[in-house]
Amino acid sequence: MSGRRDGLLEGLEVYRVGGAVRDARLGWPVTDVDWVVVGATPETLTRRGFKPVGRDFPVFLHPESHEEFALARTERKSGHGYTGFEVHASPEVSLEEDLARRDLTINAMAETPEGELVDPYGGLADLQARVLRHVSPAFVEDPLRVLRTARFLARYAGLGFVIAEETRALMRELVTSGELAHLVAERVWTETEKALGEPWPDVYFQALHDCGALAILMPELAADAEALDEALGRLPRLPDDIPPDEEPRWRWARLVEHLDDEAREALAERLKLPKAPRRLADQAAMTRTLGAAARAGRLDGARVLAWLDGIDAWRRGERVAPLIALVSMDDPGLAEDLALAWRLAAQILPRGLVEEGYKGRGLGEELARRRRSVIDEVLAED
């Protein structure tokens, strides 16, 4: 976007805001650019061809660049949760008033199209000091900010960022106030899924645990501190060939794989998880159980066959290799055995048994028997 050289913006008071300003000064990749328009009305922008897209407050898309332009606004707490706000957008709202409603000082910076910084709340100083600090005491009005602050820490922790102690205190205050209970499950999962895609996802859950939020939002994880520490330790480790867009659900699976079926299902229901992460978590848990059986010397063809059945390997063979890769991170020998066992068992097809005269229940039993037999042979060679 070319700033004031853009004819559609001629005469408008516009500022680049939020993440684009923060990340450009941090040397972090800038993915989205948002703008605030001060002193204008919705009619001003629609007459210039901007397309309205905001439901809760006036946001418009530039007809050419498709960047978002929001009218300057203020918010007033009127109910519980992150949606319990009354929004006021008008030409009288100043840039400083608009920035004051933001969560962290590093997110409350703006700049003109020419790059001149507007920083009324000390965001640049906190950026340079590597501190996540709230803009104002109004931080405690929005419980979602607990999760957002933890998520930003998961993004920037490797750069040395920490949460300011006074901001940690406000996060704890939001926990004790009961406001977190008003967050809808889907919003909690959205923030969590984003955090799972950050460079240091374990930091997100640790930050929530430290302020008491994890015990409210994901009590199944918070119940056992030792198990949680172990889970956070393995969270960043994934097989090398996992596509980046699938990393969040694989990390979630790694995080919850130690939970028993009842706890894992309860957590999935609590967060209203989509099918994909829920299913993968179950598969990772089954794979973890297989590894535990191997370490205890109780692994046999029946257990491996039950695992393959459980992950629906015969219909969804693409599921096997990534799960075996997961095993290889802790037990390369077991992974090699499983890979060979799968390769041999997958070669035994119902079609061949039908040609031998098997059918009905007998067909299924013989198929399982032969597959188990080749798996047992692989395991016996160890």
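If you're wondering where the values come from, they're calculated on a predicted model, not measured in any experiment. (Residues numbered from 1 in each chain as written. Predicted model: local features only at pLDDT ≥ 70, side-chain atom pairs only at ≥ 80, totals over all residues. Heavy atoms only, no water.)

Novice: I'd like to hear about the environment of Glu 64, residue by residue, with values.
Specialist: Within the secondary structure, Glu 64 is located in the loop between β4 (59-61) and β5 (68-71). Linking Glu 64 and Leu 8, residues 56 residues apart in sequence, is a C-alpha distance of 9.7 Å. (Helix = DSSP H or I, 4+ residues; strand = E, 2+ residues; numbered from the N terminus.)

Novice: I'd like to hear about helix α16 (residues 320-328), residue by residue, with values.
Specialist: In terms of residue burial, α16 counts as a mostly covered element, since seven of its nine residues are buried. Along α16, the residues that are buried comprise Val 320, Pro 322, Leu 323, Ile 324, Ala 325, Leu 326 and Val 327. Buried-residue contacts for α16 involve α12 (247-256), α14 (275-295), α15 (301-310) and α17 (332-346). (Buried < 20%, exposed > 50% of the residue type's maximum accessible area, 1.4 Å probe, protein only. Contact = heavy atoms within 4.5 Å.)

Novice: Explain the pairing of β5 to me, and be specific about the residues and the numbers.
Specialist: Of the strand pairs in this sheet, strand β2 (residues 34-38) and β5 are connected by four bridges, and their pairing is parallel. Directly across from Trp 35, in β5, lies its bridge partner Phe 69. Here three bridges tie β4 to β5, and the two strands are oriented antiparallel to one another. Counterpart to Phe 60 in the pairing with β5 is Phe 69. Hairpin geometry of β4 and β5 is characterised by an intervening segment of six residues between the two adjacent antiparallel strands and by a positive phi of about 65 degrees at His 66. (Pairing = 2+ DSSP bridges.)

Novice: I'd like a description of the pattern of salt bridges, backed by residues and values.
Specialist: In the structure shown here, the tally under the stated rule is 32 salt bridges. The closest approach of N and O atoms between Glu 230 and Arg 288, which form a salt bridge, is 3.4 Å. Residue Glu 230 is found in helix α11 (residues 225-234), and its partner Arg 288 is found in helix α14; the two are separated by 58 residues along the sequence. For the salt bridge of Arg 278 with Glu 269, the shortest nitrogen-to-oxygen distance reads 2.6 Å. On the accessibility criterion, Glu 269 (44% relative accessible area) is partly exposed. (Salt bridge = Lys/Arg side-chain N within 4 Å of Asp/Glu carboxyl O.)

Novice: Which residues make up the environment of Leu 147, and what values go with them?
Specialist: Its place among the elements puts Leu 147 in helix α5 (residues 144-156). The sequence separation of Leu 147 and Glu 247 amounts to 100 residues, and the corresponding C-alpha distance is 19 Å. Not counting residues up to four positions away in its chain, the partners in contact with Leu 147 are Leu 180, Leu 183, Val 188, Glu 191, Tyr 204, Leu 208 and Leu 217.

Novice: Pulling in residues and values, what's your account of helix α19 (residues 360-380)?
Specialist: Taking 1.5 Å per residue, 21 residues should reach 30 Å; α19 reaches 31 Å between its end C-alpha atoms and fits that length. Looking at α19, one finds that the buried residues are Leu 363, Glu 366, Leu 367, Arg 371, Val 374, Ile 375, Val 378 and Leu 379. Packing partners of the buried residues in α19 comprise α15, α17 and α18 (350-355). (Expected span 1.5 Å × (residues − 1).)

Novice: Which residues make up the sheet that holds β2, and what values do they have?
Specialist: What the seven strands build is an open sheet, ordered β3-β4-β5-β2-β1-β8-β9; its pairing is mixed. Both edges of this open sheet fall to β3 (51-52) and β9 (117-118), since each of them pairs with a single strand only. Packing against the sheet, helix α1 (residues 19-26) makes contact with β1 (13-17), β8 (110-111) and β9, and its axis sits at approximately 55 degrees to β1. (Axes fitted to C-alpha atoms, helices over the stretch in contact; angles between N-to-C directions.)

Novice: So, the packing of α5 against helix α7 (residues 185-196): which residues are in play, and what are the values?
Specialist: The interhelical angle for the contact between α5 and α7, taken along N-to-C directions, is 10 degrees, at an axis separation of 9 Å. In this view, α5 runs roughly parallel relative to α7, as classed from their interaxial angle. Residue-level inspection shows Leu 144, Leu 147, Arg 148, Arg 151 and Ala 154 of α5 in contact with α7, the latter providing Arg 187, Val 188, Glu 191, Lys 194 and Ala 195. Among the residues making up the contact of α5 with α7, the classes are represented as five nonpolar, no polar and five charged. (Parallel < 35°, antiparallel > 145°, perpendicular 65-115°, else oblique. Nonpolar A, V, L, I, M, F, W, Y, C, P; charged D, E, K, R; others polar.)

Novice: Describe the nonpolar core, and please don't skip the residues or the numbers.
Specialist: Within soluble globular proteins, side chains that are nonpolar tend to cluster in buried spots. In terms of nonpolar packing, the biggest core is built from 88 residues, with Phe 205, Met 218, Trp 252 and Trp 307 touching the most fellow members. No other element matches α5, which puts eight residues into this core. Residues contacting Phe 205, with those up to four places away along its chain left out, are Thr 192, Leu 196, Leu 214, Met 218, Leu 232, Leu 235, Trp 252 and Leu 255. (Core = buried A, V, L, I, M, F, W, Y, C linked by side-chain atoms within 4.5 Å.)

Novice: Describe in detail the environment of Leu 217, supporting the description with residues and values.
Specialist: As for its position among the elements, Leu 217 is in helix α9 (residues 213-217). Distance in space between the C-alpha atoms of Leu 217 and Ala 72 is 33 Å, their sequence separation being 145 residues. Setting aside its immediate chain neighbours within four residues, Leu 217 contacts Leu 147, Leu 180, Val 188, Arg 270 and Leu 271.

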